[in-house]
Amino acid sequence: MEKNQLILSVKDLNIKFNLRGKVLHAIRGIDLDIYHGEVLAIVGESGSGKSVFTKSFMGLLDANGSITSGTIDYYGADDGKPIRLSDLKKEKDWLKVRGHEIAMIMQDPMTSLNPLKTIGDQIMEAVELHQHLKGKAAREKTLEYLRDVGIADPEVRFAQYPHEFSGGMRQRVVIAIAVACNPQILICDEPTTALDVTIQAQILQLLKEMQVKYNLTIVLITHDLGVVAGAADDILVMYAGRPVERASIDDVFQHPSMPYTMGLLGAVPKPHIAASQRLVPIQGNPPSLVDIPKGCPFSPRCPLATPECSLSEPNLEVVDANSGHLASCRRLQEIIDKNMKYTDVFPVPDLLPADWADVPRDQRPVTLEVDHLVKHFPLTGGGMFRRTIGQVAAVDDVTFKIRQGETLALVGESGSGKSTTLMEIMNLMKPEDGRIVVLGHDLAELKKKAERKALRKDLQIIFQDPMSSLDPRMPIYDVLAEPLKVHKWSKEKINRRIGELMELVGLNPDYVDRFPAQFSGGQRQRISIARALATDPKVLLLDEPIASLDVSIQAGIINLLEDLQAKLKISYLFVAHDLAVIRHISDRVAVMYLGQVVELGETEDVFTHPRHPYTQALLSAIPVPDPVVERTRQRIILKGDLPSPSEKHPGCRFASRCPVKLRLTPEQQKMCETKRPVLTSDDQIATEFACHFPLDVNDESAPF
């Protein structure tokens, strides 16, 4: 099929789900044409209908879901005849479409792979079914696909099982299975959400290569506008089951014309520039698709809303006839005439003044000190009588300090030891080796349980998933009161404190009799923050506190954390894989790799002048929400996955993946492989780094 030919056409599509007597209108009147060879990105908050819409292309709606009206026509079939997908009812008819015509990659590869079958057998099954190859020919074709997606040693990997692969490698295998079906359209549903930034860069690069090699049309579902900026040709923005804006990638980023799109762009941290202003959260929550309000569904959250907006729902209108830019808003012409930006529509919140912020860092007291921390876990083997056969160096010689009112971010790939470091601090026990000092108290010197209990109220933690932190059977009042009761607060004092906490995190105090399930994800995270603040702690540990939130909700949580720090002078130890968020919120950054801190310094210094090659690779992999910037960036794609922390590394642990090492002399390479580097600094910049051959601060290949 030739490029730019119509391959899929959707006309006035409506999809509903029956939910215990209620009707949920998941998709409401979508019109969309997709052309061969393009990459279309579909973006929007959770519940906007992105996944339901694309699943309808493959007949994968749940049993209680159905297409009530409209058509989906597919024009890419081998015989050239269009197929009306919306009319297919029988499974045998859908089997002719799924895989061979339209394939899908899910967010979590483990839900797509059979844990009981080898990787080779699963790819070969697709080859046999869709390419009609058998025996040796099918095996050779399978090995070819493994090489195409960058799996090293395909002959060995062929016979391995999914649990023997890392997350990034499993996603590569799923891509191989999808491509082996010889599809015309490849739907990618959040294919990089659960991956580290370095692995995400590899997968996005792989998708680009697969699109070119196999002449694919790609539909990319994502909430990450940085991914969209670098990967897509066109964008469809969805809200409450309908498109609200459709345009080319450049038009949407340079001239967004729907207030919702503007809000999404304003809520995204910009990793390529220093944080000069606060993020712009979209207030409120998306409407229920069971009871959609009359008029524009976005009007209750829209700063530009007028009484007329609640009368009827606007249709998509032309913004630019030449580019095909469409948007849905009653005040569209005013937005176009005034060339409004998101800062003109959404008020940018002011940062709360902090009277302590002018005090130099070195004059503030140290609230948390970690000195040469070590934590190893035994690795056991054998049958009935287990024995220790090695150890996993989860944390191996980690050192940093946090001062009052400061945010230190721990960054690095999964398995680098970030969360283990947090857990060692929270134990309030003498570490395996090294030293932990909390508010001047050396944990090795705490002998009594009462001493640890007294210190516990000054050290709290917030986890990634608020539902794992909140008892679903307890009303919010009891959730917040529990830590206060442990510390023997009076009932009157508890009542007063709970009201203060709800107001502090921006929730209505009248909601304390509700249960966690009655709140949205962002509200539940605010409740988790309120519980952590209940005892007025001085140090707060945050383990991926925004990873599971939509970008619009994420912005509100980040702003809240900044406000709380300004009000309460709290110190944060912040763990996150989103480096754009890290640049926005942190004062200092510690980059971890295989249990070690390999770079430590001021956030701006680390982002603009990285000294360690691993830091440079991490930063280069960050997707930037600006298509113009993305086209000019050079990424450093690290080869392979993070080595196992159970392996012994006499020298630099990054040596096996280091791009700088390849340019060194044999003598210098031997030094990297045999001598372990320690944190040090030089006269170029105050940043500390653990590298024998650090990057120069004037290195032209710096990511930002």
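Because the structure is predicted, anything quoted here is derived from the model rather than measured.

1. Side note on the sheet that holds strand β18 (residues 459-462)
- Reading across the sheet, the seven strands line up as β18-β19-β20-β15-β21-β22-β23 and stay open at both edges, with mixed pairing between neighbours. Edge positions in the sheet fall to β18 and β23 (688-689), since each has one partner strand and no second.
- Inspection of the sheet shows strand β22 (residues 596-602) paired to β23 by two bridges, in the antiparallel sense. Bridging across to β23, Glu 599 finds its partner in Phe 689.
- Here helix α22 (residues 613-620) sits on the sheet and contacts β21 (588-593) and β22; the angle it forms with β21, its principal contact strand, is near 105 degrees.

2. Quick word on the sheet that holds strand β3 (residues 39-43)
- Spatially, the eight strands line up as an open sheet ordered β6-β7-β8-β3-β9-β10-β12-β11, and their pairing is mixed. Lying at the two open borders of the sheet, with one neighbouring strand each, are β6 (102-105) and β11 (317-320). Adjacent strand axes in the sheet meet at a mean angle of 25 degrees when their direction is disregarded.
- Strand direction decides the pairing type here: strand β9 (residues 234-239) and strand β10 (residues 242-248), joined by six bridges, are antiparallel. Counterpart to Ile 235 in the pairing with β10 is Ala 247.
- Where helix α6 (residues 167-180) meets the sheet, its contacts fall on β6 and β7 (185-189), and the angle it forms with β6 comes to roughly 175 degrees.
- Along the sheet face, helix α10 (residues 259-266) touches β9 and β10 and points at about 105 degrees away from the line of β9.

3. Remarks on the side chain of Arg 28
- Inspection of the secondary structure assignment puts Arg 28 in strand β2 (residues 22-35).
- For Arg 28, the contacting residues outside a window of four places in its chain are Leu 13, Asn 14, Ala 240, Gly 241, Arg 242, Ile 292, Pro 297 and Glu 313.

4. Observations regarding helix α17 (residues 491-504)
- Relative to the 20 Å expected for 14 residues at 1.5 Å per residue, α17 spans 20 Å between its end C-alpha atoms, a close match to the ideal helical length.
- Contacts from the buried residues of α17 go to α16 (476-486), α18 (521-533) and α19 (551-568).
- After α17 finishes, the residue Gly 506 shows a positive phi value of roughly 80 degrees.

Conventions adopted
- Residues numbered from 1 in each chain as written.
- Predicted model: local features only at pLDDT ≥ 70, side-chain atom pairs only at ≥ 80, totals over all residues.
- Heavy atoms only, no water.
- Pairing = 2+ DSSP bridges.
- Helix = DSSP H or I, 4+ residues; strand = E, 2+ residues; numbered from the N terminus.
- Contact = heavy atoms within 4.5 Å.
- Axes fitted to C-alpha atoms, helices over the stretch in contact; angles between N-to-C directions.
- Expected span 1.5 Å × (residues − 1).

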